[in-house]
Every structure is written in C-alpha cells, then in structure tokens.
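Listed below are the residues making up each chain.
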Amino acid sequence: MSEALVATQAPGADTPVPGASGARQFWRRLRAQRAALVAAVFVALLVLVALAAPLLTTLEGQDPTTYHPSLIDSARGGVPIGSFGGAGADHWLGVEPQTGRDLFARLVYGARVSLGVALAATVVQVTIGVVIGVASALGSRWVDQLLSRITDIIVAMPLMIMSLALLAIVPSSFPRPVLVTLVIGLIAWGNIAKIVRAQTLTLKGLDYVSAARLSGWGTWRIARRELLPGLAAPVITYAALLVPMNISVEAALSFLGVGVKPPTPSWGQMLTSADVWYQAAPQYLLLPAGALFVTVLALTVLGDGVRTALDPRAASRLRVGTGRKNESGTGKEETA
C-alpha cells in the first residue's frame, strides 16, 4: 500500500492484510484441503525423483541410453525376456522391447524432461503475459488497442497446429527440449495477458493506486509497488493450472514425433514407440501413460487447491455436487 493512503486512512478503517499474514492464511486454507495436500506431496516427490534421477539410476546400476540386446527375444520380435518385461534386481521395472534399455531409468529421466519443459514454458508464458497485460492496461489508448489485438491473435492461434508447424521447420541440431519450451511459451501466453490486463484495469481504480499517483509516483513505479502485489493471486492461480496443460502439450508433441527426439527420454516420446507393444509388453505402455496421467491429475488438483486458497470465496471445482453448509447460518446443507 502506498504511503499516501496510509497517511490519510481513518483509524479502524479496513486495511489490506499484510504479506506475512496473507501467506499464513493461504497456507491454512491450503492445508484444510486434503486432496490438494495429497497432490502437493505427490508433486514434491515427483520433483525430487526427477532431480535425483542420476542418483537413482546409479543405485540401480543402469542408465537410460545403454542397449541390452541379450535381454530381448529377437525370435519374438524383440519382446523382453522374463516376466513383467524382464523386471528384476538389475532392472527394477524391466526393459524396453527391441532395445533392452532400462525402463526405470528412462521413466525417471523422462520426468525431468516433461516437468522441466512444462515449468520453463509456464515461466515464459507468465512473464510475457504479465508484461503485455500490464503494459496494455497502463499504456495509452493506441498502445492498449495494439497490444489487445496482438493478444487476440495469439489467443486465436491453434496451439498444436502452430507448434507442429514451427517444430517441423526448425533444424534438428537445435536442442529439442529448449525448442519445445520456447514454442509453447511463445504461442500460449494470450489468456494470461487478458487476465492480467483485466485485473490491472480493476486495480487502477482503487484508492491506494490513486493515492500513489497523486503522490507523484511514475507509472512503472506504481506498477511495481502497487499493482504487481495485487496481481500475484490470479497469476499464481493461472500458472498453477498451466503446468499440467503444458505437460500434456509436450507429451502430445513428442507422441506426434516433433517434440523431444531419441535418445533423450520423454514420457510422450516413450508412448510413441509403445503403442504397438500394448499386448506383448503392456508395462512399456502403462508405465509412462500412468505416470503422465497421475502427474497431470495431481497438478490439476493442486492448481485448483491453490486457486481456492487464494480466493476463499470461490468454491473448489472438485466439490461440485457435494453438500456444503448454508452461508445464512441456518445449519442446513445445500447442493452445489
């Protein structure tokens, strides 16, 4: 809050919650949501596994790129020898058909790629969206019109088709995870820019922003000191929901053959070569598909929990159709 408003507020007037108190309230509301807590624990474990992938594969004694031709039955078309895809003490989850590469090693290294691309793309989207949204709301009329039309074009672009086109024409020598990150981030920032613009226009009319302007503060100082803290909640909420979407986009691009290329492991790329093995070696398809499904589900639940904790007036989407207490104090329950 600006100093000008603090000086003119009457005693007893409502003031915004301080940052530390607001953080405590956020964590208290988030802890009250059991589904979000379980999802947060799973996501934390997944991040830990991704970061510790070299250590885990060292403990197993394997790596994600070494071929083991002796572990596959060439007479049967490359099916792994042994039960459960050759799972055992040396290969905890078995090996890939045809190549014999360790499946556990490729799965944990694939988590690194999938999570890394999704998080980095989200950072790019949020950064561009916040800059464009704030600049559009605070700029002159022609700046607002220009940036709004550009944002509309970006929103109208079909993400998958544009990604396929761009990834297909870039030379294969360019690092593929970096390229996928940039393509997703540079194409899909339109929605967050619209959210930031609308929220900034709302915040511009509040008393503390007007007081800062009357105090002689410049536009970008007001944006940095007064507007950005107010934009934190919607931006964090939308970013939390962007991560699972970006994981799905990366997996889809890799599945279509224009994303991460072999031998770099990725869950989507693993699914590309697993679709013909679902009968002979079902674990080769089920493990990356299950990891992708559970990860996206956990991140979606966590994102919904963050949204509800930041805005307690908004009911969780996960509770639609369940009973909740009537706000009028009658004690009766009503159905959403």
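For the structure, check the block above.
Residues numbered from 1 in each chain as written. Predicted model: local features only at pLDDT ≥ 70, side-chain atom pairs only at ≥ 80, totals over all residues. Heavy atoms only, no water.

(A) How the structure looks around the pattern of salt bridges. Overall, the coordinates contain six salt bridges when judged by the stated rule. A salt bridge links Asp152 to Arg149; the shortest N-O distance between them is 2.9 Å. With Asp152 and Arg149 both in helix α6 (residues 141–156) and three residues apart, this pair spans about one turn of that helix. Arg149 sits in the partly exposed class, given a relative accessible area of 42%. (Salt bridge = Lys/Arg side-chain N within 4 Å of Asp/Glu carboxyl O. Helix = DSSP H or I, 4+ residues; strand = E, 2+ residues; numbered from the N terminus. Buried < 20%, exposed > 50% of the residue type's maximum accessible area, 1.4 Å probe, protein only.)

(B) Inspection of the packing of aromatic side chains at higher detail. All told, the structure shown has two aromatic pairs when counted by the stated rule. Ring centres of Phe26 and Trp27 lie 5.2 Å apart, and the angle between their planes is 65 degrees; on these two criteria the pair is classed as edge-to-face. Summarising the aromatic geometry, the rings of Trp92 and Phe104 are spaced 5.0 Å apart at their centres and angled 55 degrees between planes, so their arrangement reads as tilted. On the criterion of sequence distance, the pair formed by Trp92 in the loop between β2 (79–80) and α5 (103–138) and Phe104 in helix α5 is long-range, its members being twelve residues apart. Over the face of the ring belonging to Trp217 we find Arg221, whose NZ or CZ atom lies 4.2 Å from the ring centre. (Phe/Tyr/Trp six-rings, centres within 6.5 Å; stacked < 30°, edge-to-face > 60°. Lys NZ or Arg CZ within 6 Å of the ring centre and 35° of its normal.)

(C) Examining the environment of Val43 more closely. Structurally, the position occupied by Val43 is in helix α3 (residues 34–51). Classification of Val43 as buried rests on a relative accessible area of 14%. Sequence-wise, Val43 and Ala298 are 255 residues apart; in three dimensions their C-alpha atoms are separated by 6.7 Å. Apart from residues no more than four positions distant in its own chain, Val43 is found in contact with Ala298, Leu299 and Leu302. (Contact = heavy atoms within 4.5 Å.)

(D) Inspection of helix α10 (residues 207–214) at higher detail. The complete set of buried residues in α10 reads Tyr208, Val209, Ala211 and Ala212. Looking straight down α10, one finds its buried side chains confined to an arc of 160 degrees; they lie on one side. Every exposed residue of α10 that faces more than 90 degrees away from the buried side is listed here: Asp207 and Leu214. Two residues or fewer past α10, Gly216 is found with a positive phi of approximately 95 degrees. (Arc of directions from axis to C-beta.)

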